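One-letter residues, chain by chain:
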Amino acid sequence: MDFKAHIRTIADFPKPGIQFYDISTLLAEPPAFAAAIAGLDRLVQGYRPDCLAAIESRGFLFAAPLALAAQARLALIRKRGKLPGSVIGHTYALEYGADHIEISADLLPSGSRVVLIDDLIATGGTAAASVALLRKVGAEVVGAVFLIELAGLGGRAKLDVPSASLLQYQD
Ligand code: AMP
(Lines give C-alpha, C1' and ligand atoms only; values in the text may rest on other atoms or scores of the structure.)
Protein backbone atom coordinates (compact mmCIF):
# COMPACT_ATOMS: atom_id res chain seq x y z
CA MET A 1 0.00 0.00 0.00
CA ASP A 2 1.36 3.40 -1.01
CA PHE A 3 0.21 5.25 2.10
CA LYS A 4 1.80 8.52 1.07
CA ALA A 5 -0.49 8.62 -1.97
CA HIS A 6 -3.42 8.72 0.48
CA ILE A 7 -2.10 11.58 2.62
CA ARG A 8 -2.79 15.03 1.27
CA THR A 9 -0.28 17.76 2.04
CA ILE A 10 -1.48 21.32 2.41
CA ALA A 11 0.99 24.21 2.37
CA ASP A 12 0.83 27.04 4.90
CA PHE A 13 -1.74 25.46 7.22
CA PRO A 14 -2.58 26.31 9.98
CA LYS A 15 -0.03 29.10 9.57
CA PRO A 16 2.51 30.24 6.98
CA GLY A 17 5.52 27.98 6.63
CA ILE A 18 3.81 24.83 7.96
CA GLN A 19 3.28 21.88 5.60
CA PHE A 20 0.20 20.12 6.98
CA TYR A 21 -0.09 16.33 6.56
CA ASP A 22 -3.82 15.73 6.21
CA ILE A 23 -4.98 12.23 7.10
CA SER A 24 -8.60 13.01 6.08
CA THR A 25 -7.88 11.59 2.64
CA LEU A 26 -6.64 8.32 4.18
CA LEU A 27 -9.70 8.05 6.43
CA ALA A 28 -11.95 8.54 3.39
CA GLU A 29 -10.61 5.39 1.69
CA PRO A 30 -11.55 2.25 3.66
CA PRO A 31 -8.85 -0.01 2.10
CA ALA A 32 -6.13 2.55 2.91
CA PHE A 33 -7.45 3.18 6.43
CA ALA A 34 -7.71 -0.57 7.07
CA ALA A 35 -4.17 -1.17 5.81
CA ALA A 36 -2.85 1.64 8.00
CA ILE A 37 -4.57 0.13 11.06
CA ALA A 38 -3.14 -3.30 10.20
CA GLY A 39 0.38 -1.87 9.86
CA LEU A 40 0.09 0.12 13.09
CA ASP A 41 -1.37 -2.91 14.87
CA ARG A 42 1.81 -4.89 14.12
CA LEU A 43 3.92 -2.09 15.62
CA VAL A 44 1.66 -1.73 18.67
CA GLN A 45 1.40 -5.44 19.46
CA GLY A 46 5.20 -5.73 19.37
CA TYR A 47 5.20 -3.80 22.64
CA ARG A 48 2.63 -6.15 24.28
CA PRO A 49 0.55 -3.32 25.82
CA ASP A 50 -2.40 -3.73 28.11
CA CYS A 51 -3.46 -0.13 27.49
CA LEU A 52 -3.25 2.40 24.65
CA ALA A 53 -3.17 6.12 25.39
CA ALA A 54 -4.46 8.37 22.61
CA ILE A 55 -3.45 11.98 22.04
CA GLU A 56 -6.27 14.43 21.16
CA SER A 57 -7.64 14.61 18.60
CA ARG A 58 -6.46 12.71 15.53
CA GLY A 59 -4.70 10.16 17.73
CA PHE A 60 -8.18 9.07 18.88
CA LEU A 61 -9.10 7.97 15.34
CA PHE A 62 -6.26 5.47 15.21
CA ALA A 63 -6.12 4.43 18.85
CA ALA A 64 -9.76 3.28 19.04
CA PRO A 65 -9.56 0.53 16.39
CA LEU A 66 -6.04 -0.37 17.55
CA ALA A 67 -7.21 -0.84 21.15
CA LEU A 68 -9.96 -3.17 19.99
CA ALA A 69 -7.54 -5.13 17.79
CA ALA A 70 -5.06 -5.50 20.66
CA GLN A 71 -7.81 -6.05 23.25
CA ALA A 72 -6.16 -3.29 25.26
CA ARG A 73 -7.79 -0.62 27.42
CA LEU A 74 -8.05 2.83 25.88
CA ALA A 75 -7.22 6.03 27.76
CA LEU A 76 -7.70 9.54 26.36
CA ILE A 77 -5.20 12.37 26.77
CA ARG A 78 -7.02 15.67 26.27
CA LYS A 79 -6.54 19.41 26.42
CA ARG A 80 -7.44 21.22 29.64
CA GLY A 81 -11.08 21.12 30.74
CA LYS A 82 -12.37 18.45 28.33
CA LEU A 83 -12.42 15.42 30.62
CA PRO A 84 -15.11 15.05 33.31
CA GLY A 85 -14.40 13.91 36.83
CA SER A 86 -11.07 13.66 38.56
CA VAL A 87 -8.08 14.36 36.30
CA ILE A 88 -4.30 14.54 36.53
CA GLY A 89 -2.65 17.28 34.47
CA HIS A 90 0.73 18.16 33.06
CA THR A 91 1.90 21.58 31.85
CA TYR A 92 4.71 21.76 29.32
CA ALA A 93 6.63 24.47 27.52
CA LEU A 94 6.03 25.36 23.88
CA GLU A 95 8.27 27.50 21.68
CA TYR A 96 6.09 30.43 22.74
CA GLY A 97 4.13 29.87 25.94
CA ALA A 98 2.88 26.66 27.51
CA ASP A 99 0.23 24.00 27.05
CA HIS A 100 -1.61 21.70 29.42
CA ILE A 101 -2.88 18.14 28.96
CA GLU A 102 -4.98 15.92 31.20
CA ILE A 103 -5.92 12.28 31.74
CA SER A 104 -8.60 10.71 33.92
CA ALA A 105 -7.13 9.92 37.30
CA ASP A 106 -8.73 6.53 37.84
CA LEU A 107 -8.97 4.66 34.52
CA LEU A 108 -5.43 3.30 34.25
CA PRO A 109 -4.43 0.61 36.72
CA SER A 110 -1.03 1.53 38.20
CA GLY A 111 1.81 -0.33 36.45
CA SER A 112 -0.15 -0.67 33.19
CA ARG A 113 1.98 -1.32 30.09
CA VAL A 114 0.94 1.62 27.94
CA VAL A 115 1.62 2.42 24.30
CA LEU A 116 1.11 6.04 23.29
CA ILE A 117 -0.65 6.66 19.95
CA ASP A 118 -0.79 9.75 17.73
CA ASP A 119 -1.27 10.42 14.05
CA LEU A 120 1.99 12.34 13.67
CA ILE A 121 5.18 13.20 15.50
CA ALA A 122 6.84 16.48 14.55
CA THR A 123 9.06 18.10 17.21
CA GLY A 124 8.12 15.41 19.74
CA GLY A 125 6.97 17.93 22.35
CA THR A 126 3.40 16.63 22.56
CA ALA A 127 4.48 13.01 22.82
CA ALA A 128 7.19 13.73 25.42
CA ALA A 129 4.65 15.63 27.55
CA SER A 130 2.21 12.72 27.19
CA VAL A 131 4.85 10.26 28.40
CA ALA A 132 5.46 12.50 31.44
CA LEU A 133 1.70 12.66 32.14
CA LEU A 134 1.32 8.88 31.88
CA ARG A 135 4.16 8.41 34.37
CA LYS A 136 2.37 10.74 36.80
CA VAL A 137 -0.53 8.25 36.91
CA GLY A 138 1.83 5.33 37.49
CA ALA A 139 1.86 3.87 33.98
CA GLU A 140 4.83 2.11 32.44
CA VAL A 141 5.15 3.62 28.95
CA VAL A 142 6.51 0.71 26.91
CA GLY A 143 6.32 2.38 23.51
CA ALA A 144 4.99 5.13 21.27
CA VAL A 145 3.54 4.54 17.80
CA PHE A 146 2.80 7.13 15.11
CA LEU A 147 1.31 6.89 11.65
CA ILE A 148 3.56 9.70 10.36
CA GLU A 149 7.00 10.84 11.48
CA LEU A 150 8.53 14.10 10.28
CA ALA A 151 11.99 12.60 10.61
CA GLY A 152 13.82 15.80 9.76
CA LEU A 153 12.57 17.35 13.02
CA GLY A 154 14.12 14.62 15.18
CA GLY A 155 11.08 14.26 17.45
CA ARG A 156 11.64 10.61 18.34
CA ALA A 157 15.00 11.51 19.89
CA LYS A 158 13.04 13.57 22.47
CA LEU A 159 11.38 10.40 23.77
CA ASP A 160 13.02 8.16 26.35
CA VAL A 161 10.78 5.24 25.37
CA PRO A 162 11.00 2.96 22.31
CA SER A 163 9.02 4.32 19.38
CA ALA A 164 8.05 3.45 15.83
CA SER A 165 6.27 5.03 12.86
CA LEU A 166 4.62 3.58 9.77
CA LEU A 167 5.57 6.44 7.42
CA GLN A 168 8.52 8.77 7.43
CA TYR A 169 8.94 12.12 5.67
CA GLN A 170 12.33 13.78 5.62
CA ASP A 171 11.13 17.36 5.03
P1 AMP B 1 4.81 17.91 17.96
O2 AMP B 1 4.48 18.14 19.41
O3 AMP B 1 5.60 19.05 17.36
O4 AMP B 1 5.49 16.57 17.73
O5 AMP B 1 3.43 17.91 17.16
C6 AMP B 1 2.65 16.77 17.11
C7 AMP B 1 1.18 17.08 17.16
O8 AMP B 1 0.82 18.19 16.35
C9 AMP B 1 0.38 15.90 16.65
O10 AMP B 1 -0.74 15.73 17.51
C11 AMP B 1 -0.02 16.27 15.24
O12 AMP B 1 -1.37 15.90 14.98
C13 AMP B 1 0.17 17.78 15.16
N14 AMP B 1 1.04 18.21 14.05
C15 AMP B 1 2.25 18.81 14.18
N16 AMP B 1 2.78 19.12 12.99
C17 AMP B 1 1.88 18.70 12.06
C18 AMP B 1 1.87 18.72 10.61
N19 AMP B 1 2.89 19.25 9.91
N20 AMP B 1 0.81 18.17 9.97
C21 AMP B 1 -0.23 17.64 10.70
N22 AMP B 1 -0.26 17.59 12.04
C23 AMP B 1 0.78 18.12 12.73
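Structure: see above.
A brief structural summary. (Residues numbered from 1 in each chain as written. Predicted model: local features only at pLDDT ≥ 70, side-chain atom pairs only at ≥ 80, totals over all residues. Heavy atoms only, no water.)

**Here we look at the sheet that holds strand 9 (residues 163–169)**
Here is step 1: Strands sit in the order 5-6-4-3-7-8-9 across an open sheet of seven strands; the sheet is mixed. Strand pairing shows two members of the sheet lacking a second neighbour, strand 5 (87–93) and strand 9, which therefore form its edges. Mean inter-strand twist for the sheet, computed between neighbouring axes without regard to direction, equals 20 degrees.
Here is step 2: Judged from the four bridges that link them, strand 3 (residues 51–55) and strand 7 (residues 113–121) form a sheet pairing that is parallel. Bridge pairing in strand 7 links L52 to V115. (Pairing = 2+ DSSP bridges. Helix = DSSP H or I, 4+ residues; strand = E, 2+ residues; numbered from the N terminus. Axes fitted to C-alpha atoms, helices over the stretch in contact; angles between N-to-C directions.)

**Structural notes on the packing of helix 2 (residues 30–45) against helix 3 (residues 58–70)**
Here is step 1: Where helix 2 meets helix 3, the closest approach of the two axes is 10 Å, and the angle between their N-to-C directions is 60 degrees. Between helix 2 and helix 3, the interaxial angle falls into the category oblique. Once helix 2 is placed against helix 3, the crossing between them reads as right-handed. Side by side, helix 2 and helix 3 meet where F33, I37, L40, D41, V44 and Q45 of the first sit next to L61, F62, P65, L66, A69 and A70 of the second. (Parallel < 35°, antiparallel > 145°, perpendicular 65-115°, else oblique. Left-handed = near helix turned anticlockwise from the far one by under 90°. Contact = heavy atoms within 4.5 Å.)

**Looking at the packing of aromatic side chains**
Here the distance between the centres and the angle between the planes together describe a pair of aromatic rings.
Here is step 1: For the structure on display, the rule yields three aromatic pairs.
Here is step 2: Between F13 and F20, the ring centres sit 5.1 Å apart and the planes meet at 85 degrees, which makes this aromatic pair edge-to-face.
Here is step 3: The class of F13 is partly exposed, set by a relative accessible area of 44%.
Here is step 4: For the pair F33 and F62, a centre-to-centre distance of 5.9 Å together with 85 degrees between the ring planes defines the contact as edge-to-face. Of the two residues, F33 sits in helix 2 while F62 sits in helix 3, which places them 29 residues apart along the sequence. (Phe/Tyr/Trp six-rings, centres within 6.5 Å; stacked < 30°, edge-to-face > 60°. Buried < 20%, exposed > 50% of the residue type's maximum accessible area, 1.4 Å probe, protein only.)

**Thoughts on helix 4 (residues 125–136)**
Here is step 1: Relative to the 16 Å expected for 12 residues at 1.5 Å per residue, helix 4 spans 17 Å between its end C-alpha atoms, a close match to the ideal helical length.
Here is step 2: The secondary structure elements touched by the buried residues of helix 4 are strand 3, strand 4 (73–79), strand 5, strand 6 (98–104), strand 7 and strand 8 (140–150). (Expected span 1.5 Å × (residues − 1).)

**Observations concerning the site of the ligand**
Here is step 1: Around the ligand, a shell composed of 14 residues is seen, among which D118, D119, T123, G124 and T126 lie nearest.
Here is step 2: Within the backbone of G125, one N or O atom sits 3.4 Å away from an oxygen atom of the ligand.
Here is step 3: Compared with its free state, where it exposes 490 Å², the ligand has 81% of that area covered by protein.
Here is step 4: Within the residue set of the shell around the ligand, elements represented by two or more residues are strand 2 (19–22), strand 7 and helix 4.
Here is step 5: When residues in the shell around the ligand are grouped by element, the largest group, four residues, is from strand 7.
Here is step 6: Split into classes, the residues belonging to the shell around the ligand amount to six nonpolar, five polar and three charged. (Near = heavy atom within 4 Å. Polar contact = N/O pair within 3.5 Å; in protein donor to acceptor, adjacent residues only side chain to side chain. Areas by Shrake-Rupley, 256 points an atom, 1.4 Å probe, with all protein chains shown as cover. Nonpolar A, V, L, I, M, F, W, Y, C, P; charged D, E, K, R; others polar.)

**As for the environment of L167**
Here is step 1: By the element assignment, L167 lies in strand 9.
Here is step 2: Beyond its immediate sequence surroundings of up to four residues, L167 is in contact with F3, K4, I7, L147, I148 and E149.

**Observations regarding helix 2**
Here is step 1: The first and last C-alpha atoms of helix 2 sit 22 Å apart over 16 residues, in line with the 22 Å expected at 1.5 Å per residue.
Here is step 2: Of the positions making up helix 2, those classed as buried are A32, A36, I37, G39, L40, D41 and V44.
Here is step 3: Elements that come into contact with the buried residues of helix 2 comprise helix 1 (24–27), strand 3, helix 3, strand 7, strand 8 and strand 9.

**Let's talk about the pattern of salt bridges**
Here is step 1: Under the criterion given, the structure shown has five salt bridges.
Here is step 2: R8 is paired through a salt bridge with D22; the nearest N and O atoms lie 2.6 Å apart. Of this pair, R8 sits in strand 1 (residues 8–11) while D22 sits in strand 2, and the two are 14 residues apart along the sequence.
Here is step 3: The exposure class of D22 is buried, given its relative accessible area of 7%.
Here is step 4: In this structure, the salt-bridge partner of D160 is R135, at a minimum N-O distance of 3.0 Å. Of this pair, D160 sits in the loop between strand 8 and strand 9 while R135 sits in helix 4, and the two are 25 residues apart along the sequence. (Salt bridge = Lys/Arg side-chain N within 4 Å of Asp/Glu carboxyl O.)

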